[in-house]
Amino acid sequence: MGQPVRDYLLTLCVTAAVTYLLTGPVRKFAIAVGAMPAIRARDVHREPTPRLGGIAMFGGLCAGLIVAAHLYNLDSVFQLSSEPRALLSGAALIWLIGVLDDKFEIDALIKLGGQMIAAAVMVIQGLTILWLPIPGIGTVALTQWQGTLLTVALVVVTINAVNFVDGLDGLAAGMVCIASAAFFLYTYRLWYGHMIEAAAPATLFTAILMGMCLGFLPHNMHPARIFMGDSGSMLIGLVLAAGAISVTGQVDPDAMKLFAGSEREATHAMLPVFIPLLLPLTIIAIPTADLVLAIVRRTWNGQSPFAADRGHLHHRLLEIGHSHSRAVLIMYFWSALIAFGAVGYSVHSTSLWIALVIVGLSAVGLVLLLMPRFTPRAPRWAERFVPPRYRRWDHRGKSSGAAHEAQQEPREPQMGQDGHEPEPQEPAHVVVGVSGVNGATAIGPRSRSSKSRQADSARR
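The structure reproduced in this document is the subject of the present report. This is a predicted model, so every value here is computed, not measured.

**Some points on the overall build of the protein chain**
Now for step 1: Each helix and strand in the protein chain was counted, giving 17 helices and two strands.
Now for step 2: For the protein chain, the proportion of its 460 residues judged to be buried stands at 46%.
Now for step 3: Contacts in the protein chain between residues at least 24 apart in sequence constitute 74% of all its contacts with a sequence separation of at least 6.
Now for step 4: With an accessible surface of roughly 23,800 Å², the protein chain has 64% of that area assigned to carbon and sulfur atoms.

**Considering the packing of helix 7 (residues 171-193) against helix 8 (residues 200-220)**
Now for step 1: Contact geometry for helix 7 and helix 8: axes closest at 8 Å, N-to-C directions at 155°. Between helix 7 and helix 8, the crossing angle belongs to the class labelled roughly antiparallel. With respect to the hand of their crossing, helix 7 and helix 8 are arranged in left-handed fashion. Contacts between helix 7 and helix 8 pair Ala 173, Gly 174, Val 176, Cys 177, Ser 180, Ala 181, Phe 183, Phe 184, Thr 187, Tyr 188 and Trp 191 from the former with Ala 200, Ala 202, Thr 203, Thr 206, Ala 207, Leu 209, Met 210, Cys 213, Leu 214 and Leu 217 from the latter.
Now for step 2: Residues that form the contact of helix 7 with helix 8 fall into these classes: 16 nonpolar, five polar and no charged.

**Some words on the pattern of salt bridges**
Now for step 1: Tallying each qualifying case throughout the model produces three salt bridges.
Now for step 2: Linking Arg 51 and Glu 105 is a salt bridge whose minimum nitrogen-to-oxygen distance equals 3.3 Å. Taken as a pair, Arg 51 in the loop between helix 1 (2-33) and helix 2 (54-69) and Glu 105 in the loop between helix 4 (83-104) and helix 5 (108-124) lie far apart in primary sequence, 54 residues in all.
Now for step 3: Exposure remark for Arg 51: the relative accessible area of 10% places this residue in the buried category.
Now for step 4: Note that Lys 111 is salt-bridged to Asp 101, the shortest N-O span being 3.6 Å. Here Lys 111 is found in helix 5, whereas its partner Asp 101 is found in helix 4, with 10 residues between them in sequence.
Now for step 5: In the salt-bridge network here, residues are joined through shared partners; they are Asp 101, Lys 111 and Asp 230.

**Observations regarding the nonpolar core**
For soluble globular proteins, nonpolar side chains are generally found buried alongside one another.
Now for step 1: Core analysis: the largest hydrophobic core is formed by 88 residues, its most contacted members being Leu 61, Leu 235, Ile 236 and Leu 238.
Now for step 2: In contact with Leu 61, not counting residues within four places along its chain, are Thr 15, Leu 87, Ala 91, Ile 208, Met 212 and Leu 235.

**Details of the packing of aromatic side chains**
Pairs of aromatic rings are described using the distance from one ring centre to the other and the angle between the two planes.
Now for step 1: In the structure shown here, the tally under the stated rule is seven aromatic pairs.
Now for step 2: Note on Phe 58 and Trp 95: the rings are 4.6 Å apart at their centroids and 10° apart in plane angle, and the pair reads as stacked. One end of the pair, Phe 58, is in helix 2; the other, Trp 95, is in helix 4, and 37 residues separate them in sequence.
Now for step 3: For Phe 58, a relative accessible area of 13% gives the class buried.
Now for step 4: Judged by centre distance (5.8 Å) and plane angle (85°), the rings of Phe 333 and Trp 334 are edge-to-face.
Now for step 5: According to the relative accessible area criterion, Phe 333 is partly exposed, its value standing at 24%.
Now for step 6: Members of the aromatic cluster, joined through ring pairs, are Tyr 8, Phe 184, Tyr 188 and Trp 191.

**Structural notes on unusual backbone geometry**
Now for step 1: The backbone of Leu 52 shows a phi angle near 65°, a positive value even though the residue is not glycine.
Now for step 2: With respect to the helices and strands, the residue Leu 52 is situated in the loop between helix 1 and helix 2.
Now for step 3: Owing to a relative accessible area of 3%, Leu 52 belongs among the buried residues under this scheme.

**Focus on the side chain of Thr 15**
Now for step 1: Inspection of the secondary structure assignment puts Thr 15 in helix 1.
Now for step 2: If sequence neighbours within four positions are ignored, Thr 15 has contacts with Gly 60, Leu 61, Gly 64, Ile 208, Gly 211 and Met 212.

**Considering helix 7**
Now for step 1: The end-to-end C-alpha separation of helix 7 is 32 Å, in line with the 33 Å expected for 23 residues at 1.5 Å each.
Now for step 2: Counting buried positions along helix 7 yields 19 of 23 residues, so the element is predominantly enclosed.
Now for step 3: After helix 7 finishes, the residue Met 195 shows a positive phi value of roughly 55°.

**A short note on the packing of helix 5 against helix 6 (residues 144-165)**
Now for step 1: Two elements in contact, helix 5 and helix 6, have axes separated by 9 Å at closest approach and are oriented at 130°. What the angle tells us is that helix 5 and helix 6 run oblique. With respect to the hand of their crossing, helix 5 and helix 6 are arranged in right-handed fashion. Residues Lys 111, Leu 112, Gln 115, Met 116, Ala 119, Ala 120, Met 122 and Val 123 of helix 5 lie in contact with helix 6, whose contacting residues are Thr 148, Thr 151, Val 152, Val 155, Val 156, Ile 159, Asn 160 and Asn 163.

Reading guide: rules and limits
- Residues numbered from 1 in each chain as written.
- Predicted model: local features only at pLDDT ≥ 70, side-chain atom pairs only at ≥ 80, totals over all residues.
- Heavy atoms only, no water.
- Helix = DSSP H or I, 4+ residues; strand = E, 2+ residues; numbered from the N terminus.
- Buried < 20%, exposed > 50% of the residue type's maximum accessible area, 1.4 Å probe, protein only.
- Contact = heavy atoms within 4.5 Å.
- Areas by Shrake-Rupley, 256 points an atom, 1.4 Å probe, with all protein chains shown as cover.
- Axes fitted to C-alpha atoms, helices over the stretch in contact; angles between N-to-C directions.
- Parallel < 35°, antiparallel > 145°, perpendicular 65-115°, else oblique.
- Left-handed = near helix turned anticlockwise from the far one by under 90°.
- Nonpolar A, V, L, I, M, F, W, Y, C, P; charged D, E, K, R; others polar.
- Salt bridge = Lys/Arg side-chain N within 4 Å of Asp/Glu carboxyl O.
- Core = buried A, V, L, I, M, F, W, Y, C linked by side-chain atoms within 4.5 Å.
- Phe/Tyr/Trp six-rings, centres within 6.5 Å; stacked < 30°, edge-to-face > 60°.
- Expected span 1.5 Å × (residues − 1).

Dropping the structure here:
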């Protein structure tokens with residue numbers, strides 16, 4: 001069991017390394033070609049930030065597939081199944097559409113059509129849902145049209161759910177990485193726990209997806225230096241959907257020999273087969289909920305379901321007082337709780353501890369949501385490893401909380417020569433050129449340095 005894990009780990013590391021190393025040159029390329037749209041009303045960042053991060057992620061995907069094809073324990077996936085080739089074909093098409101959208105802002109209906117075509121390309125090459133295990137009925141074989149429609153619907157929903165949640169630095173990549181980690185544990189158990197060879201492609205897809213997200217996250221964490229754009233968000237959404245389709249449509253419940261013993265025992269034993277019906281939605285439960293709420297909200301207001309706004313879940317977290325980093329961490333927490341909770345329940349469905357742990361962690365998550373102004377402080381020995389806002393003491397030995405209060409203390413108004421308070425000056429707007437783009441995404445306006453203030457006073 002250890003050897004396949006090493007092969008998956010090698011594939012993951014190669015994918016992450018290639019994605020990480022390609023992101024820097026891709027960022028320079030995006031700046032050179034002008035793939036930096038103007039700040040929109042719904043955007044959180046305040047400076048133009050290059051997109052096209054999906055180019056590096058697609059390079060990582062290709063590198064991961066190439067490495068896996070030459071590994072002893074994983075080459076059988078390419079010999080016995082056409083699903084890796086189907087994934088690469090659909091990913092290349094959706095990636096190309098995303099690159100065009102990042103540069104030229106194509107219409108939403110055109111993107112929707114491209115997503116459906118990419119899903120159809122995968123169906124033609126064999127990556128489709130063949131049957132569904134339905135509780136109380138058993139395995140239901142699907143016709144060709146039923147399998148195609150269900151596959152296309154799952155791909156489109158997953159892609160748009162991931163695309164909708166891509167609104168804060170590191171949010172989409174982190175949530176998909178958490179979802180793929182939970183999915184990897186589930187598919188690996190099916191493959192090596194129940195010896196089902198049909199779960200091997202999904203296990204490989206999730207390992208590569210983790211590498212793509214982990215390699216891109218260092219460049220995308222707050223403040224982000226580059227955005228993945230639609231070329232990245234639609235790509236990782238398609239890979240996630242491909243893994244779900246593979247394990248749902250190819251795993252035969254009869255091969256698991258679960259229909260032994262009493263009816264109750266058989267029902268509990270069948271949970272690993274029933275979970276694929278819900279796991280693709282549970283691992284993206286937060287993005288899916290955001291997608292459904294956005295469609296209902298926009299339709300209720302008489303807008304197009306594809307119209308952009310600032311009503312997403314991450315926007316609401318910022319509005320109630322959470323910082324950018326904390327809003328992202330809260331979304332991470334809930335995604336991990338739902339995804340790993342579903343996987344844990346599929347393994348030990350009869351254990352009461354699983355339900356108690358999920359309920360307890362849910363209570364912790366609710367407390368975090370209701371404490372937007374609480375700032376945790378790191379212990380003194382770890383202060384050099386955390387950002388300044390989490391330190392109790394600054395480098396001069398003063399309390400960081402006292403220093404923060406001193407900065408927030410209102411100053412006495414200075415009187416002019418005529419005895420009246422001077423007129424307030426307009427805030428200076430920061431002009432960012434191509435050479436000065438750094439991808440900062442602070443919510444408030446960027447403070448000007450002392451050197452720039454001295455230069456302005458010298459000019460006056």
